[in-house]
Amino acid sequence: MTEVTLVVGGAGHVFTGDTEVLLGREPECDVRVADERRRVSRRHCRIVIRAAHVTVRDLGSRNGTYVNGIRIAGERALHDGDELRVGGVVVRVGVTRNGLVVLRELGRGAQGVVHLAREPGGRLVAVKTLTAPGATGLFRRELDCTAALDHPNIVRFHRSLAEPLGFVAEYCAGGSVADHGPYGVEEAVTLIRQAEAALRYAHSAEIPVLLADGSTATGRGLVHRDIKPQNLLLTSDGRLKVADFGLAKAYDQAGLSGRTPTGAIAGTVAFMPRRQVIDYKYARPEVDRWALAACLYWMLTGTTPRDFPAGADPVAVVLREPPVPVRERMSALPAALADAIDAALIDDVSESRFK
């Protein structure tokens with residue numbers, strides 16, 4: 001449950017759940033802002049409180065609405081500790097969700113949004129909540145997969161949230177691999193080995209699976225299906241953690257949950273092998289290993305294994321074009337490492353089930 005506290009002139013106004021709060025001089029406003037100099041408009045701004053976000057919108061006021069000293073145009077997100085200025089009146093904003101102080105947004109995707117939050121004891125955590133109602137099944141699968149995994153190189157699950165649907169997980173203060181670089185050979189290989197250890201564990205882990213008939217089974221072996229630099233996170237001391245199991249599934253139960261239609265495709269095409277494009281529903285651990293080699297390629301060269309010309313269909317590129325040998329991007333790369341990367345990126349589907 002999202003709770004917003006607005007402090008005006010020493011008085012606190014608390015609002016919970018999905019609601020909208022009107023601020024202004026009119027007596028009918030939810031928060032009446034007295035201002036003898038009339039710099040506050042009758043209906044000055046509106047705060048919209050939802051499970052995944054809190055925003056403010058100016059309602060065409062004469063003197064504007066400011067967030068942390070900056071005049072807003074259109075809608076602006078609000079976070080715990082923000083200072084809202086309405087005319088000449090300061091409104092202090094407090095935002096909590098499920099007892100957590102929400103500090104700022106870290107990122108969002110098709111299914112949910114991730115916020116940085118602080119627990120009552122002071123620990124910083126990442127909170128992911130569902131924003132797409134139609135994706136409840138997929139989101140629950142991510143929650144279940146994340147909760148079932150326990151490895152030092154996988155983002156640690158803390159607890160689930162019921163309202164809004166979500167979960168609290170370890171916060172990685174170092175950002176993602178995509179936020180840094182270029183990487184030297186030793187650093188890149190060290191990080192990729194940590195990710196490899198995480199995936200080796202995930203590929204044999206026991207995972208709860210909700211079947212299409214509503215029953216539950218235990219799957220063995222989780223394939224991630226979206227390994228890319230943005231999903232390889234870094235702790236403050238530089239350790240790597242694999243994150244975002246939103247597309248993961250127990251591959252030995254493929255086709256039994258009813259959640260992945262035949263012919264469906266999802267993920268990040270630039271870090272996807274042909275076999276995943278052709279047979280996404282039945283993807284197996286080798287697609288993760290290919291994607292991890294592609295991440296190493298990117299960390300060393302700053303480019304993806306395939307070129308994606310502007311205007312080209314990225315799926316067609318994957319299906320038709322082979323990866324560029326890594327030493328064509330980085331001639332100084334040690335030959336043994338280059339040979340290992342090129343071998344890992346051989347994209348032959350001849351032995352797959354769709355031959």
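Counting from 1, residues in each chain are numbered in the order their sequence is written. In keeping with the predicted nature of the model, local features appear solely for residues at pLDDT of at least 70, side-chain atom pairs appear and are counted solely at 80 or more, and the whole-chain, interface and lining totals rest on all residues. Derived side-chain values reflect all non-hydrogen atoms in the structure, with water molecules and hydrogen atoms excluded from consideration.

To continue, consider the overall build of the protein chain. Scanning the protein chain for helices and strands turns up seven helices and 22 strands. Along the three orthogonal principal directions, the C-alpha set of the protein chain runs to about 75 × 50 × 40 Å. Type-normalised accessible area, obtained with a 1.4 Å probe on protein chains alone, sets the label of each residue: buried when under 20%, exposed when over 50%, and partly exposed for intermediate values. Relative to its 355 residues, the protein chain shows a buried fraction of 50%. Excluding contacts between residues fewer than 6 apart, the proportion of contacts in the protein chain whose partners are at least 24 apart in sequence is 54%. For every accessible area listed, the method is Shrake-Rupley and the probe measures 1.4 Å; residues are considered covered only by the protein chains on display. Of the roughly 16,700 Å² that the protein chain leaves accessible, carbon and sulfur atoms contribute 49%. In summary, the charge assignment counts Lys and Arg as positive and Asp and Glu as negative, without counting His or the chain termini. Charged side chains are reduced to one point each, which is NZ for Lys, CZ for Arg, CG for Asp and CD for Glu. Between the centroid of the 45 positive side chains of the protein chain and the centroid of its 42 negative side chains there is a distance of 4 Å. In this description a helix means any DSSP run of H or I spanning at least four residues, a strand means any run of E spanning at least two, and both kinds are numbered starting from the N terminus. Residues count as neighbours in contact if any of their non-hydrogen atoms are within 4.5 Å of one another.

Attention now goes to helix α4 (residues 285-301). Counted at 1.5 Å a residue, the expected span for α4 with its 17 residues is 24 Å, and the 25 Å between its end C-alpha atoms agrees. Counting buried positions along α4 gives 14 out of 17 residues, so the element sits mostly inside the fold. Where α4 terminates, the next one or two residues include G302, which has phi positive at roughly 80°. In this analysis, the expected span of each helix is defined as 1.5 Å times one less than the number of residues it contains.

UniProt records the feature "domain: FHA" (unreviewed entry) for residues 21-72 in the present numbering. With 0% helix and 40% strand, the stretch residues 21-72 has end C-alpha atoms that lie 17 Å from each other. UniProt positions are given in the numbering used here, feature names are shortened, and annotations may be inferred rather than shown by experiment.

A pair of packed helices can be characterised by two numbers: the angle between their axes and the separation between those axes. With their axes 9 Å apart at the nearest point, α4 and helix α7 (residues 335-344) run at an angle of 140° to one another. Accordingly, the angle class assigned to the pair α4 and α7 is oblique. Like other packed secondary-structure pairs, α4 and α7 cross with a definite hand, here left-handed. Along its contact with α4, which presents W290, A293, L296, Y297 and L300, the element α7 presents L337, I341 and A344. Axes, fitted as lines to C-alpha atoms, cover a helix only where it is in contact. Angles between the N-to-C directions of the axes lie from 0 to 180 degrees. By the definition adopted for this analysis, an angle is roughly parallel if under 35 degrees, roughly antiparallel if over 145, roughly perpendicular if from 65 to 115, and oblique otherwise. By the definition used in this description, the sense in which the near helix is turned from the far one sets the handedness, with an anticlockwise turn below a right angle giving left-handed and a clockwise turn giving right-handed.

Before going further, it helps to spend a moment on the sheet that holds strand β3 (residues 19-24). Taking strand neighbours across the sheet as the criterion, the five strands line up as β4-β3-β5-β6-β9 in an open arrangement whose pairing is mixed. Bordering the open sheet on either side are β4 (31-32) and β9 (75-77), each of which pairs with just one other strand. Two strands form a pair only when DSSP identifies at least two bridges running between them.

Take unusual backbone geometry next. Residues apart from glycine generally show negative phi values, whereas peptide bonds are mostly found in trans. G181 connects to P182 through a cis peptide bond whose omega is 0°. Within the element layout of this structure, P182 appears in the loop between β16 (166-170) and α2 (185-202). Notably, N98 is not glycine yet its phi reads approximately 50°, a positive angle. With respect to the helices and strands, N98 occurs in the loop between β11 (89-97) and β12 (100-108).

Mapping G121 onto the fold places it in the loop between β13 (112-118) and β14 (124-130). The sequence separation of G121 and A316 amounts to 195 residues, and the corresponding C-alpha distance is 51 Å.

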